[in-house]
Amino acid sequence: MGEPKTTKCLVVGAGPVGALAALYAARRGWDVEIYELRGDLRDASTTPLNFTKSINLALAERGVNAMRHSGSSDLLDRVVSESIPMYGRMIHGADSSGALTEESQQYDVHGRFNRAVDRANLNKLMLDKVDLLPNVKLHFNHKLVGADLRKRKAWFERKASPPQTADGAQAHQDQTDERSQEVEVDFDLMLGCDGAHSNVRYHLMKFVRMNYEQTYIDTLWCEFTIPPGSSASSKTPTAKDGFATSADHLHIWPADDGMFIAIPSVDKSFTCTLFAPSAIFATLEQDPAAVTDFFRTNFPGAADLIGHAELREQFEQNPHLPLISIKCSPHHYGSSGVILGDAAHAMVPFYGQGMNAGLEDVRVLFQHLDAHPATPAGRTAALDSYSTERVPDAHTINDLALANYWEMHSGVRSPLTLIRKRVEEF
Ligand code: FAD
């Protein structure tokens, strides 16, 4: 009897979840091939999808633990060394006299914290680790266009890197078709880490009776930047160490119909996000001059931190994007395909757990794979038990994320508000 064949694993999508999944698979000695639609994020010319620049995210224990088990001991050290601890949330407002107020609410009585990380930097650190492994091949500018999960074959369209527009979309090019070329690849296991609009999920659905639910909430988001304290036109009383306001917090300006949040970055700026109903965006798009007044009324002090001209400019230039929530079940087919991260459970960002839960998917999946023989039958059992465990967890975190919108834009204002609402509900 010969040696058992090495598992050939295709990872579709080189976002944070795909890059970590590739690391886990490679550490098990598998032959790993990563296929990514866009160019290499580590090239300065590649713009992160949907963002004008990289955004920073809240990295929680769920994501940290997944990196801890990646087999790359210094990955987590590097990520942590380039992160900022956020010990709580800072609630901004104004008192009855109009004076600005800041109220710190600690996350944890024991002083535990979340970390603010730069999403692109995290992704790059992971890709650098993957690149060092001899059993991983990276293929950028390859788009999955077809997959037969029964025959274990996938088809990718290979393109020369097309130019990108400011919002990350690929600009239309007449010659694109001439230059693209289809590539056929076979595999034992395909890991679909290709985000909310996953093509792997679409092809998986042809082979498995997948229940699928997709919801757009009536809230749009737009990104803004508070510059470092030295260039900001205003600072708050908690500003320190070159930041325009406290770097120890995730900042929230709650409002009846939305909220504005800010997360610190290592360059001492803050990446901010406006969340508001689509009707408010439509009104402001008609009259961008009203953006400053809108901010002054709803988010006291925030416009001064950004700068009034910059606020309007960023509202006009940065994309206004929707928020999608996806639930599906199961997450796998037989022994040959499984979806992870946003591909399996895109969620609204109000719990700060989308990427964290995606990274956790990777840890949990490999726990199940390690517990079964590395054969097709063993993989079928592993993927089956993975879906059984993970689907209810994914649905729960999706629901919690939706519910936390109320908490962030309303509940945070006062513990009394929360108690009153809970009493009314009771
Ligand atoms: P993605 O990051 O979407 O990566 C998918 C990759 O697949 C992309 O590189 C894409 O180019 C590629 N791809 C797509 N289609 C194909 C194809 N056909 N062929 C090949 N490749 C393909 N999460 C947190 O944990 N904490 C936060 O604080 C947080 N804040 C957020 C704030 C906002 C405003 C938003 C919108 C999201 C936030 N999230 C947060 C969620 C987080 O960004 C996502 O959950 C995370 O990026 C998902 O990672 P992923 O690797 O699954 O998918």
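Thresholds applied
- Residues numbered from 1 in each chain as written.
- Predicted model: local features only at pLDDT ≥ 70, side-chain atom pairs only at ≥ 80, totals over all residues.
- Pairing = 2+ DSSP bridges.
- Helix = DSSP H or I, 4+ residues; strand = E, 2+ residues; numbered from the N terminus.
- Axes fitted to C-alpha atoms, helices over the stretch in contact; angles between N-to-C directions.
- Contact = placed C-beta atoms within 7 Å.
- Near = placed C-beta within 6 Å.
- Nonpolar A, V, L, I, M, F, W, Y, C, P; charged D, E, K, R; others polar.
- Domains from an automatic or database assignment.
- Expected span 1.5 Å × (residues − 1).
- Buried ≥ 20, exposed ≤ 12 C-beta atoms within 10 Å, placed from the backbone.
- Right-handed = clockwise from strand over helix to strand, strands pointing away.
- Core = buried A, V, L, I, M, F, W, Y, C linked by C-beta atoms within 7 Å.

1. A short note on the sheet that holds strand β14 (residues 249–255)
And then number 1: Spatially, β6-β5-β14-β15-β16-β13-β17 is the arrangement adopted by the seven strands of the open sheet, whose pairing is mixed. Each having just a single partner strand, β6 (100–106) and β17 (321–329) make up the two edges of the open sheet. Averaged over all pairs of adjacent strands, the angle between their axes in this sheet comes to 30°, without regard to strand direction.
And then number 2: As judged from the seven bridges shared by strand β5 (residues 88–94) and β6, these two strands associate in the antiparallel manner. Pairing of His-92 across the sheet is with Glu-102, part of β6.
And then number 3: Along the sheet, helix α7 (residues 278–286) contacts β13 (211–226), β15 (258–264) and β16 (270–277); its crossing angle with β16, the most-contacted strand, is approximately 105°.

2. Structural notes on the sheet that holds strand β2 (residues 31–35)
And then number 1: The strand order across the open sheet formed by six strands is β8-β2-β1-β12-β19-β18, and the pairing between neighbours is mixed. Pairing within the sheet leaves two strands with one partner each, and these edge strands are β8 (136–139) and β18 (332–333).
And then number 2: Examined bridge by bridge, strand β12 (residues 189–192) and strand β19 (residues 337–339) share three bridges and lie parallel to one another. The residue of β19 that forms the bridge with Leu-191 is Val-338.

3. Comments concerning the site of the ligand
And then number 1: Not every one of the 31 residues close to the ligand is listed here, only the nearest: Gly-13, Gly-15, Gly-195, Gly-341 and Gly-354.
And then number 2: Elements supplying a minimum of two residues to the shell around the ligand: α1 (16–27), β3 (56–59), β9 (142–148) and α12 (354–370).
And then number 3: No other element matches α12, which puts four residues into the shell around the ligand.
And then number 4: For the shell around the ligand, the class distribution of residues is 14 nonpolar, twelve polar and five charged.

4. Details of the domain arrangement of the protein
And then number 1: In terms of domains, the protein is made up of domain 1 (8–83 + 118–214 + 323–411) and domain 2 (86–113 + 218–321).
And then number 2: For domain 1 and domain 2, the distance between their C-alpha centres works out to 30 Å.
And then number 3: Each partner contributes residues to the interface: domain 1 has 13 residues there, and domain 2 has 17 residues.
And then number 4: Elements with a contribution of two residues or more to the side of domain 1 that touches domain 2: β3 and α13 (376–409).

5. Considering helix α4 (residues 119–131)
Every α-helix winds through 3.6 residues per turn, so residues three or four apart in the chain are directed the same way.
And then number 1: Between its first and last C-alpha, α4 extends 18 Å over 13 residues, near the 18 Å set by a 1.5 Å rise per residue.
And then number 2: Restricting attention to buried positions, one finds in α4 the residues Leu-122, Asn-123, Leu-125, Met-126, Leu-127, Lys-129 and Val-130.
And then number 3: Where α4 is buried, its residues meet α1, α3 (73–81), β7 (114–118) and β8.

6. What to know about the pairing of β5
And then number 1: The antiparallel pairing of β5 with β6 creates a hairpin that spans five residues between the two strands, and Gly-98 there sits at a positive phi of about 90°.
And then number 2: Two elements, β5 and β14, share four bridges in a ladder whose sense is parallel. Note that in β14 the partner of Arg-89 across the bridge is Leu-250.

7. A few points about the pairing of β2
And then number 1: The buried fraction of β2 is high, at four of five residues.
And then number 2: Bridge analysis of strand β1 (residues 8–12) against β2 gives five bridges, and the strand direction is parallel. Within β2, the position partnered with Val-12 by the bridge is Tyr-35.
And then number 3: Traced from β1 through α1 to β2, the parallel crossover comes out right-handed.
And then number 4: For β2 and β8, the ladder comprises four bridges, and the chain directions are parallel. Across the sheet, Ile-34 pairs through a bridge with Leu-138, a residue of β8.

8. Section: the nonpolar core
As a rule of thumb, soluble globular proteins bury nonpolar side chains together.
And then number 1: Among the nonpolar cores identified, the biggest contains 112 residues, and Val-11, Leu-20, Ala-21, Ala-22, Leu-191, Leu-340 and Val-362 are the most heavily contacted of them.
And then number 2: With nine residues, the single largest contributor to this core is α1.
And then number 3: Looking at which domains feed residues into this core, each of domain 1 (8–83 + 118–214 + 323–411) and domain 2 (86–113 + 218–321) gives three or more.
And then number 4: For Leu-191, the residues in contact, after removing those within four places along its chain, are Cys-9, Val-11, Val-12, Ala-21, Val-338 and Leu-340.

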